[in-house]
Amino acid sequence: MLVWILQTGEPLNSDGGQLRPMRAINLSKVLVSKGHKVEIISTRFFHQEKRFRKNIKNKNIDGIIETLIDSPGYKSNISITRIIDHHILSFNLLFNLLKRKEKPDIMFVGFPPIEWSLIAIFYSYLKSIPIVLDVKDLWPDIFWDKEEINPLKKEFIKFLFLPYRISCILIASLSDYITGPTELIAKYLKDNYQKNFLSKIFKNKDPMTFPSPIVPPREDEIIKLDILNKDPNECLNLFFLGSLMSVYDFETIKKSIEILIKKKIKLQLFIAGRGGSETQIKELFNHIENVNFLGWINRKQAIEISSNCHLALAPYKNIKNYELNLVNKYIDYMSLGLPVLSPLRGFAFNLINKYEIGWNYPPKESSILAQIIIDIIERPHELKRRSSNAMRLFQTNYKYGIVYNQLVDKLEQIIIDT
């Protein structure tokens with residue numbers, strides 16, 4: 001079968017091997033290994049590095065064709081220039097698709113961007129091509145889904161995003177299948193935006209939902225084995241790995257560390273990553289000596305650092321985009337054998353409780369978090385048990401081969417059923 005994968009904001013094969021593969025590369029490689037033809041349609045503007053790729057045309061790498069769509073680019077993730085970029089990108093995508101003579105057996109489309117997804121959905125409808133919408137983030141809801149937001153402000157923001165909300169209604173109503181890291185996030189988009197009357201007007205079936213976790217590439221499946229390489233009673237080592245953005249509640253982490261320091265408990269916090277809130281987060285910890293900012297690190301460095309750590313932090317704020325999601329941070333931590341400390345409600349909370357792969361703590365409750373950490377230090381064997389649980393869950397549910405073979409099997413079945 002011929003599969004078109006339309007994904008923006010991700011590394012491509014043509015970017016070289018120094019960047020960590022994500023959904024487009026991982027899925028395309030498994031498809032090709034099973035004898036299928038794949039074309040990745042993406043953007044010439046490289047979102048992660050804010051630069052333009054070389055203007056390649058239908059470049060073939062390891063049997064995977066890559067096509068780049070032009071757009072003007074942008075410097076800031078939240079800006080008018082990004083909105084303009086996405087509109088121009090989507091028009092250029094439309095022109096590119098309409099000029100094609102060959103059509104695929106199935107389309108797999110990353111969501112967001114909303115404009116990009118809308119063009120792909122309309123094209124698939126006009127050409128009677130089955131389409132799978134791959135939901136990574138809940139746009140545009142993420143802009144008003146805040147922990148603390150004035151109700152009037154929330155309604156005003158929702159009004160401003162009315163064109164995007166209408167677009168989402170069309171996208172959800174015309175999709176054949178909706179997937180995401182969890183089925184919860186796929187169902188949220190469907191339940192909140194799909195309109196049955198529109199599906200009936202366009203003679204489209206009710207979209208089906210299924211989960212497809214975003215997991216590390218095969219080359220990243222190196223597991224560290226001994227969580228008690230260092231005694232937590234001597235010094236407890238905490239690890240955070242990810243982009244330093246405003247979606248994290250580091251204030252509670254800071255306050256809990258201050259409580260622990262007052263109790264003469266030795267600990268170290270290693271924060272790896274950069275991002276838009278890096279300056280604010282550094283200022284938050286500037287008076288605490290045992291917090292170390294490492295900048296960006298690669299997978300090999302993450303494995304080395306984690307081998308001397310006991311716990312991983314995932315201090316997400318409780319917004320639906322994360323409550324309904326299984327962000328790859330949790331899976332990365334599992335692959336490193338690190339139990340997770342998390343304040344998230346929803347899917348992650350239930351996962352941690354059910355499989356005992358870490359500890360949940362109440363949001364913004366620094367004293368309770370500090371007491372949980374004290375209890376962990378006093379029970380090192382429980383720490384080791386939950387480390388083993390995390391590794392086991394990764395091996396059985398979230399390994400590259402398991403997840404992507406299941407996803408390819410699903411795409412093949414969709415074509416058979418069409």
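Residues numbered from 1 in each chain as written. Predicted model: local features only at pLDDT ≥ 70, side-chain atom pairs only at ≥ 80, totals over all residues. Heavy atoms only, no water.

1. Quick look at the nonpolar core
For step 1, the next point in the chain: In terms of nonpolar packing, the biggest core is built from 85 residues, with Phe285, Tyr330, Met334 and Leu341 touching the most fellow members.
For step 2, the next point in the chain: Aside from chain neighbours lying at most four places away, what touches Phe285 is Phe250, Ile253, Lys254, Ile257, Leu269, Ile271, Val291 and Phe293.
For step 3, the next point in the chain: Listed in part, the 42 residues of the second largest apolar core include Ile69, Ala120, Ile178 and Ile185. (Core = buried A, V, L, I, M, F, W, Y, C linked by side-chain atoms within 4.5 Å. Buried < 20%, exposed > 50% of the residue type's maximum accessible area, 1.4 Å probe, protein only. Contact = heavy atoms within 4.5 Å.)

2. Some words on the sheet that holds strand 15 (residues 340-342)
For step 1, the next point in the chain: Spatial strand order, 13-12-11-14-15-16: six strands in an open sheet with parallel pairing. Every interior strand has two partners, whereas the edge strands, strand 13 (291-295) and strand 16 (358-360), have only one. With direction set aside, neighbouring strand axes in the sheet form an average angle of 25 degrees.
For step 2, the next point in the chain: The pairing of strand 11 (residues 236-241) with strand 14 (residues 311-313) spans two bridges and is classified as parallel. Bridging from a neighbouring strand, Leu238 pairs with Leu311 of strand 14. (Pairing = 2+ DSSP bridges. Helix = DSSP H or I, 4+ residues; strand = E, 2+ residues; numbered from the N terminus. Axes fitted to C-alpha atoms, helices over the stretch in contact; angles between N-to-C directions.)

3. Describing the packing of aromatic side chains
For step 1, the next point in the chain: Applying the stated criterion to the full structure yields 17 aromatic pairs.
For step 2, the next point in the chain: Ring centres 5.0 Å apart and planes at 80 degrees place the aromatic pair Trp139 and Phe143 in the edge-to-face group.
For step 3, the next point in the chain: With a relative accessible area of 19%, Trp139 lands in the buried category.
For step 4, the next point in the chain: On the basis of relative accessibility, which here comes to 22%, the residue Phe143 falls in the partly exposed class.
For step 5, the next point in the chain: Ring centres 4.8 Å apart and planes at 45 degrees place the aromatic pair Tyr248 and Tyr316 in the tilted group. Residue Tyr248 is found in the loop between strand 11 and helix 8 (250-262), and its partner Tyr316 is found in the loop between strand 14 and helix 11 (320-323); the two are separated by 68 residues along the sequence.
For step 6, the next point in the chain: In this structure Tyr248 comes out as buried when scored by relative accessible area, which is 9%.
For step 7, the next point in the chain: Classification of Tyr316 as buried rests on a relative accessible area of 5%.
For step 8, the next point in the chain: Here the aromatic cluster, defined as three or more aromatic residues joined through ring pairs, consists of Phe240, Tyr248, Phe250, Phe285, Phe293, Tyr316, Tyr322 and Tyr330.
For step 9, the next point in the chain: Positioned over the ring face of Phe210 is Lys410, at 5.1 Å from the centre of the ring. (Phe/Tyr/Trp six-rings, centres within 6.5 Å; stacked < 30°, edge-to-face > 60°. Lys NZ or Arg CZ within 6 Å of the ring centre and 35° of its normal.)

4. Regarding unusual backbone geometry
For step 1, the next point in the chain: The peptide bond linking Phe111 to Pro112 adopts the cis configuration, its omega dihedral lying at -5 degrees.
For step 2, the next point in the chain: Mapped onto the elements of the fold, Pro112 is located in the loop between strand 7 (106-111) and helix 3 (114-126).
For step 3, the next point in the chain: With an omega of 0 degrees, the peptide bond running from Trp139 to Pro140 counts as cis.
For step 4, the next point in the chain: Examined against the element boundaries, Pro140 turns out to sit in the loop between strand 8 (131-135) and helix 4 (151-160).

Nothing here speaks to function; it is geometry throughout.
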